[in-house]
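Structural features, examined
Each chain, written out:
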Amino acid sequence: MLSFPSVDHALLYDLLAQRIACPPTLSLIQRIIASGAGIHDDGWEMQWFPGDDLLAAARPRGLPIGNQTSQFWSNVYLNELDKFVKQALHCPAYLRYCDDFLLFADDKPTLRHWRREIEAFLVSLRLRLHARKSPIYPVTSGIPFLGFLVFPGHRRLRRDNGVYFERRLKRLLGRYVAGEISREELDASIRGWVAHAAHGDTWRLRWSILRRFVIPPQEVRQ
């Protein structure tokens, strides 16, 4: 749904200006927001919304990846969705982390209705749901969320997450042997994935992957 490239500059600035009255601060905010214009143009597919004309393609959008302000402001942007879900839809069980969010209800018709309402609301933020990533199904079949399949009593790491890490580890070992990265960088990358995977019931998976790899010595350069 939301990614840094899709944040509309004018809408974000208006949301911030509703809470901030200091002109110098708003001027600085405007400069930081404007710094993201055009940096995500490669591979970006223009999204058209009702009422758009040809000038809509020129609307500045995008936030710089890595900026602390970008992470905070994307939450400001989606706070409007949070308020809509809780105050207009009155969803009793809702959670969101960045652009991943879940709604819970006791029946599918209610969830289908909420999905239609959310799709209509997101137009006001110039956003769309990912059709492939907004299915409706029972919690007993596992909910994909933040890289895990979440069940009522346990969590499993998604299979593609483990496959991706295994391939990435092979590449990292190759770079380490070639002297392109240090042992500290290699260890930090491995520990990062292990710390993430440890949030699920993954002891056997971690053991199965890591036991197959031996860290070889680096090549000696003359």
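Let me sum up the structure you'll find in this document. (Residues numbered from 1 in each chain as written. Predicted model: local features only at pLDDT ≥ 70, side-chain atom pairs only at ≥ 80, totals over all residues. Heavy atoms only, no water.)

Description of the sheet that holds strand β3 (residues 143–145)
Pairing is antiparallel in the open sheet, where 3 strands are placed in the order β3-β4-β5. Unpaired on one side and paired on the other, β3 and β5 (155–157) mark the two borders of the sheet. On average, each strand axis in the sheet is inclined to that of its neighbour by 30°, with strand direction left out of account. The sheet contact formed by β3 and strand β4 (residues 148–150) spans 3 bridges and is antiparallel. Paired with isoleucine 143 across the two strands is valine 150, which belongs to β4. (Pairing = 2+ DSSP bridges. Helix = DSSP H or I, 4+ residues; strand = E, 2+ residues; numbered from the N terminus. Axes fitted to C-alpha atoms, helices over the stretch in contact; angles between N-to-C directions.)

As for the packing of helix α1 (residues 9–17) against helix α3 (residues 68–88)
Look at α1 against α3: their axes get within 10 Å of each other, and the N-to-C directions meet at 85°. When the axes of α1 and α3 are compared, the pair comes out roughly perpendicular. Here Leu11, Leu12, Leu15 and Leu16 of α1 lie close against α3, whose contacting residues are Trp73, Val76, Tyr77 and Glu80. Split by residue class, the contact of α1 with α3 holds 7 nonpolar, no polar and 1 charged. (Parallel < 35°, antiparallel > 145°, perpendicular 65-115°, else oblique. Contact = heavy atoms within 4.5 Å. Nonpolar A, V, L, I, M, F, W, Y, C, P; charged D, E, K, R; others polar.)

Some points on unusual backbone geometry
Despite not being glycine, arginine 126 shows a phi value in the positive range, around 55°. With respect to the secondary-structure elements, arginine 126 resides in the loop between α4 (108–122) and β3. Of the residues examined, arginine 126 reaches a relative accessible area of 16% and is grouped as buried. At leucine 146, a residue that is not glycine, the phi angle is positive and equals roughly 55°. Tracing the sequence through the fold places leucine 146 in the loop between β3 and β4. Leucine 146 sits in the partly exposed class, given a relative accessible area of 35%. (Buried < 20%, exposed > 50% of the residue type's maximum accessible area, 1.4 Å probe, protein only.)

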